[in-house]
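Residue-level structural notes
Each chain, written out:
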Amino acid sequence: MISSSWKKSRYVTAIEVESTDTLLLFAGFAGRLVEVPKAYRQAAYDLLEAPNTSDTSRHITLHKIFREQAVIIPEEFDELDYLRQQHEQAKFVPTGVLSLTICPTLNCNFRCSYCYQHHPAGIMAQEIQDRIVRYVKGYSPPLEKLFVTWFGGEALLELPVIERLTERFLASPTDYNASIITNGSLLSAKVSKRLLDLRVTWAQITLDGPREVHDSRRPMAGKHPSFDRILGNIAEADPNFTITIRVNVDQRNVDVMPKLFDQLDNAGLLGRVTVYFASVTPYTNVCADVTDHCMTGQSWARVESPLQLLALNRGYGEPGLPRARRNVCLADRASAMVIVPSGLIFKCWNDVTDPSQAIFDLSRDKRTPTMEENLTRWLDWGPFNFQDCEACTLLPVCMGGCPHVSIGQGRGACKELKHNLKETILLHYLGQKRKQASRQLVEILEQRAPKNFDSLSPS
Ligand code: SF4
Ligand code: SF4
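Note that the structure is a prediction, hence the values are computed from the model and not measured. Each residue is numbered by its place in its chain's sequence as written, counting from 1. To read the labels, note that chains go from A and ligands from 1, taken in the order they are written. Note on the predicted model: pLDDT of at least 70 is required for a residue's local features to be given, and 80 or more for side-chain atom pairs to be given and counted; whole-chain, interface and lining totals, by contrast, use all residues.

We count a stretch as a helix when DSSP gives it H or I for four or more residues in a row; a strand needs E for two or more, and each element gets its number in order from the N terminus. Across its full length, the protein chain carries 16 helices and 14 strands. For the radius of gyration, the atoms used are the C-alpha atoms, and the globule rule reads 2.2 Å times the number of residues raised to 0.38. Taking 2.2 N^0.38 as the reference for a compact globule, 459 residues should give roughly 23 Å; the C-alpha atoms of the protein chain span a radius of gyration of 24 Å, in line with that estimate. Based on the C-alpha atoms only, the size of the protein chain along its principal axes is roughly 70 × 70 × 50 Å. Partly exposed residues are those falling between the two cut-offs: more than 12 but fewer than 20 other C-beta atoms within 10 Å of their own, whereas 20 or more means buried and 12 or fewer means exposed, with C-beta atoms placed from the backbone. Residues counted as buried form 37% of the 459 residues belonging to the protein chain.

Nearness is defined per residue: the C-beta atom, placed using the backbone, must lie within 6 Å of the molecule or strand. In the vicinity of ligand 1, the contacting residues are V328, C329, L330, A331, C348, W349, N350, C402, P403 and H404. Residue polarity is assigned by list, with Asp, Glu, Lys and Arg as charged and Ala, Val, Leu, Ile, Met, Phe, Trp, Tyr, Cys and Pro as nonpolar; anything else, Gly included, falls into the polar class. Of the residues assigned to the shell around ligand 1, the class counts are 8 nonpolar, 2 polar and no charged.

What follows deals with the domain arrangement of the protein chain. Along its sequence, the protein chain is carved into domain 1 (6–77) and domain 2 (78–450). These domain limits were set by an automatic method or by a database of domain assignments. Each of domain 1 and domain 2 has a C-alpha centre, and these two points are 34 Å apart. If you look at the interface, domain 1 gives 14 residues, while domain 2 gives 15 residues. Elements with a minimum of two residues in the side of domain 1 that touches domain 2: β2 (12–17) and β3 (22–27). The class makeup of the residues in the side of domain 1 that touches domain 2 is 9 nonpolar, 4 polar and 1 charged. Contact between residues is assigned whenever the C-beta positions, reconstructed from backbone atoms, fall within 7 Å.

Let us now look at the environment of P120. Structurally, P120 is set in the loop between β6 (97–102) and α4 (126–137). The partly exposed category is assigned to P120, around which 13 C-beta atoms lie within 10 Å. When the C-alpha atoms of P120 and T353 are compared, they prove to be 8.2 Å apart, with 233 residues separating the residues in sequence. In this structure, P120 is in contact with L106 and N107, ignoring residues within four places of it in sequence.

A few words now on the site of ligand 2. Neighbouring residues of ligand 2: 14 residues in total, closest C389, C392, C398, G412 and C414. Every element with two or more residues in the shell around ligand 2 is listed here: α12 (387–390) and α13 (395–398). Across the shell around ligand 2, the residue classes break down as 8 nonpolar, 3 polar and 3 charged.

Below, the structure is given as structure tokens:
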């Protein structure tokens, strides 16, 4: 018997998987996926149509699952209002979980053709490091967790800064973890081990396609090629160090990706790295020379899913399930910021070389009127400023898209998910199913292996 009144969440996407007679329900409000087998499909549709149905035991069983996964919600619950409140809270109320992106330097040893950053030399001075540590110690509310992303320029050009700051973060009782965005050229086996000691457990490294394409677009300063060096470093890196390869894609390299996977295989990286694709985005004037080649929105969505399928089929991972979020990034989160070597603080990674966009000056412990205006611009932004976003069924997993782009265009910056949500969920589902099948296969093989299997191996 179902007592209370329930309604369908406005953020449910239904996907029929005809090949297995399965219904998938993606509950965007909680970012959950419910797999409904054939026998329960009619009951599922009944509940989506009339969520208080309790005619059969199948309705009752599914009702419980649907409630737990936020496919159905209490009649009186206002999802939009809840999302608005959560968004405002994340934007204005600091929490005990602080995310800092720290650039030990803005210098870089690469000269990428589309890079939006200028590369001023200079490293973070001891005085600024001291101020960061003081800021973290005095943070209110008291910190439960500190998460640092090391960014640049190329952060590994200044490993000693990372070492000194980390040692001081680790000296406090706060839970501490870190990741790094690096071009991979300096990530030797020794450096990867050192980073693990420094609680850096994950790295993102960018490639631009197979060797010849990558080397023409991402040469080192002095025009030296970087592809083989990066792949060699990844192969030698400590196996406990998790590495994700981001592949920058535009119209000029979209067709050559199968070759990239051949080269990753040849370098022994199958099973070692996961790969995802990102469109090169023309954020600032510095990359305007590639604007015509960039793919965004629908055109990118059309390309992204086939590329992700290629990565999945080649054994380099599947996309994650779209995550339920209440804010987008550090730009619309109170407890998050970017700090550059001069001590200027920003709200967006793309601003790090533009002092006019800073929101605070840590070196002088001061916020100027211009900085106040900059901060207000970020705080005033939100998906609830836009009717399209308020009405959008993707809102809980998109939340208005990149605030930087959205502010520029005066409307939500729709994620490619707007155009390929179903494909992304299916790719995720397929990847999970394959993993499950291979785990089962391994279990069967282990059970069937002779007890003295090891002694049968050739010596
Ligand atoms: S505002 Fe956009 S570009 Fe800036 S950090 Fe957020 S998602 Fe990235
Ligand atoms: S930015 Fe686009 S996809 Fe995102 S919530 Fe707004 S309308 Fe939906």
